[in-house]
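So you can see what is in the structure, the chains are spelled out below.
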Amino acid sequence: MKYQVAIIGGGPAGYTAAETAGKAGLSVVLFEKQNLGGVCLNEGCIPTKTLLYSAKTYDAARHASKYAVNVSEVSFDLPKIIARKQKVVRKLVLGVKGKLTAHGVNIVQGEATIIDKNTVQCGGETYECENLILCTGSETFVPPIPGVDTVPFWTHRDALDNKELPASLAIIGGGVIGIEFASFFNSLGVHVTVIEMLDEILGGMDKELSAMLRAEYAKRGIKFMLSTKVVSIAEASSDDGKPQVQVSYENAEGAGTVLADRLLMSVGRRPVIKGFGLENLDLRKTERGNICVNECMQASVPGIYVCGDLTGFSLLAHTAVREAEVAVHTILGQKDAMSYWAVPGVVYTNPEIAGVGQTEEALQLKGINYRVVKLPMAYSGRFVAENEGVNGVCKLLIADDETIVGAHVLGNPASEIITLAGMAIELKLTTTEWKKIIFPHPTVSEIFKEAL
C-alpha cells in the first residue's frame, strides 16, 4: 500500500496533519496504537477541563449568595462527574474519527514501526510513503525518587478516573498539571499539599501573577512548599491504621515529612522517542535528545517531518496543531513557517491565569528592554459585574519600539481573551495600532484597551 503521507500518532498534531492533508486531496494513512485524540483528548486537556468546569460550577453554586441568588444544599456527585468526563471524551473522539474518515484518511489501529524513511510496518502489513510525519507525543515522567517503586501513587490518568475522594492529597510538582488538579480537589474539599522544587509554581508563566494565584489558593487552604526537594517516599499509616503515603523532603528550613492519603506525581512529561523505530532514521538531535527541525518542521532527513512533543520545544496541544499545519503546507508546496513568538499558555484554575509572548524573566535573560503596564481587572466593567469581591490583574510588556511583546492575565476568562493579545504580539502591533481596534463593550477583553 502506497501513500503520499504517513503519520505516526493520532494526537492533536497527528489528526490535524491527517485532516489537512486529506482535505487537500493527498492520500493519507494515520497510525495510532491507542485512541484517536492522543493524550490531550483522552487523558489530558479535555478531561481535565471537564472536571474543572464541574468544580467551577460547584464553587459558583456555593457562593451564589454573592450575586443575590440563594442555593440550598449544594452538593456534588463525583462518580457522575467522572462519567460526564468520559461521555465528553467519547463524543469528541468520535468527532475526530468522523472528520478524518470524511477526508479519506486511512486510520490504522496498532503499533507502527519505521523501517526506513519511506516504509512503515503495522499489524503485519507494510505501508510505503512519500512523506512521513512523526507525531508520537509525550508520556508522564516519573522521577527516580527513592521509594517510588514501593508505594501506590497517582499519575494524572489515575486522578482523572478516581471516583472516591481522599481526605488529603500530596502533589509532587507545581506545574500546570499539578496546579490544575490541586484546584479541582481543593474545590471538592480535599486537603491539598503541593511540593515544588522551584521557588515558584507554574514555571514558565509570569512569576508575579503565579505568586498571586498561589496566594489566592493558599487562602482557600492549599499548602504550598516551594524550593523543596523530595528525597524519599514511603508507605505509612494514619493514627487509625488507614494506609497513607509519607513524602520526605528537604528545604532551607531543614528536613520534614508530609503524610497524605493519596500521592499525585506531576513533575512533567517527556517526548516519546522509543518503541516505533525512530533509531532507523538517524535524525539529527538536540543535546537533550529531541529531534531537530527547521521552521517548516522538516527533520534532517528529506521527507521526514516532526510535530508536537517530539521536538521538545513546546509540549502544548495548540502548538502541535500549528506545527502540523506548517508541515502539511510544506509538503503541498505552500509557503509557511512556524513561529513560536506568540504561543499562549493557560492554566484553567479558578481564577484562570494566561500568558502569551515573553515574560519579564525571559526578556531580562535576552537583554531586551521593556516597560511594564499593569491594570487591575476591576477596570473592566464586565469583570466587576461577574466577579463579585474578586480581583485580578492585566500585565502588558512593551518594547522600546512600542510593540507588545508579552501579555499576562490573572482573572476569568483569561483563557478566552489571551488570543487577542497573542494576535497583537504575532502581528507586531504597536500600542497605538492596537488601541485603534474597537473592542465590544462591555467585555472583559476591554482590559487590554484600558491598559494601553
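Below or above, wherever it landed, is the structure these notes cover.

Parameters at a glance
- The numbers attached to residues start from 1 for each chain and follow its sequence in the written order.
- Since the coordinates come from a predicted model, pLDDT governs what is reported: local features require at least 70, and pairs of side-chain atoms require 80 or more to be given and counted, while whole-chain, interface and lining totals use all residues.
- To obtain the side-chain values, all non-hydrogen atoms of the structure were used and water was disregarded.
- Cavity: a set of points on a 1 Å grid over the protein atoms alone where a 1.4 Å probe fits but cannot get out. Pocket: an open set with protein on both sides within 12 Å along at least five of seven lines, its lining residues, like those of a cavity, having an atom within 4 Å of a point.
- Grid points are joined across faces, edges and corners, and a volume is the space filled by probe spheres set on the points.
- Labels follow the DSSP assignment, with helices taken as runs of H or I lasting at least four residues and strands as runs of E lasting at least two, numbered in each case from the N terminus.
- Any residue that is not Ala, Val, Leu, Ile, Met, Phe, Trp, Tyr, Cys, Pro, Asp, Glu, Lys or Arg is counted as polar, Gly included; the first ten are nonpolar and the last four charged.
- Paired strands, in this sense, are two strands between which DSSP finds at least two bridges.
- In this analysis, axes come from line fits to C-alpha atoms, helices being fitted only over the stretch in contact, and the angle between any two N-to-C directions falls in the range 0 to 180 degrees.

So, empty space enclosed by the protein
- Summed over all chains, the structure comprises 1 cavity of 30 Å³ or more.
- The calculated volume of the largest cavity comes to roughly 30 Å³.
- Elements supplying a minimum of two residues to the lining of the largest cavity: α6 (176–187) and α7 (207–219).
- For the lining of the largest cavity, the per-class residue count stands at 7 nonpolar, 1 polar and 1 charged.

Here we look at the layout of surface pockets
- Taken as a whole, the second largest pocket holds about 170 Å³ of empty space.
- Forming the walls of the second largest pocket are P152, E235, A236, K242, P243, Q244, V245, D261 and R262.
- Put simply, the parts of the chain that give the lining of the second largest pocket at least two residues each are β11 (229–237) and β12 (243–251).
- No other element matches the 3 residues that β12 contributes to the lining of the second largest pocket.
- Its residues placed into classes, the lining of the second largest pocket shows 4 nonpolar, 1 polar and 4 charged.

A few points about the sheet that holds strand β20 (residues 393–399)
- Sheet architecture is open: 5 strands sit in the order β17-β18-β21-β20-β19, paired in antiparallel fashion. Both edges of this open sheet fall to β17 (345–347) and β19 (370–376), since each of them pairs with a single strand only. The mean inter-strand angle of the sheet, taken between neighbouring strand axes irrespective of direction, is 10°.
- Strand direction decides the pairing type here: β20 and strand β21 (residues 404–410), joined by 6 bridges, are antiparallel. In the strand pairing of β21, V393 is matched with L410.

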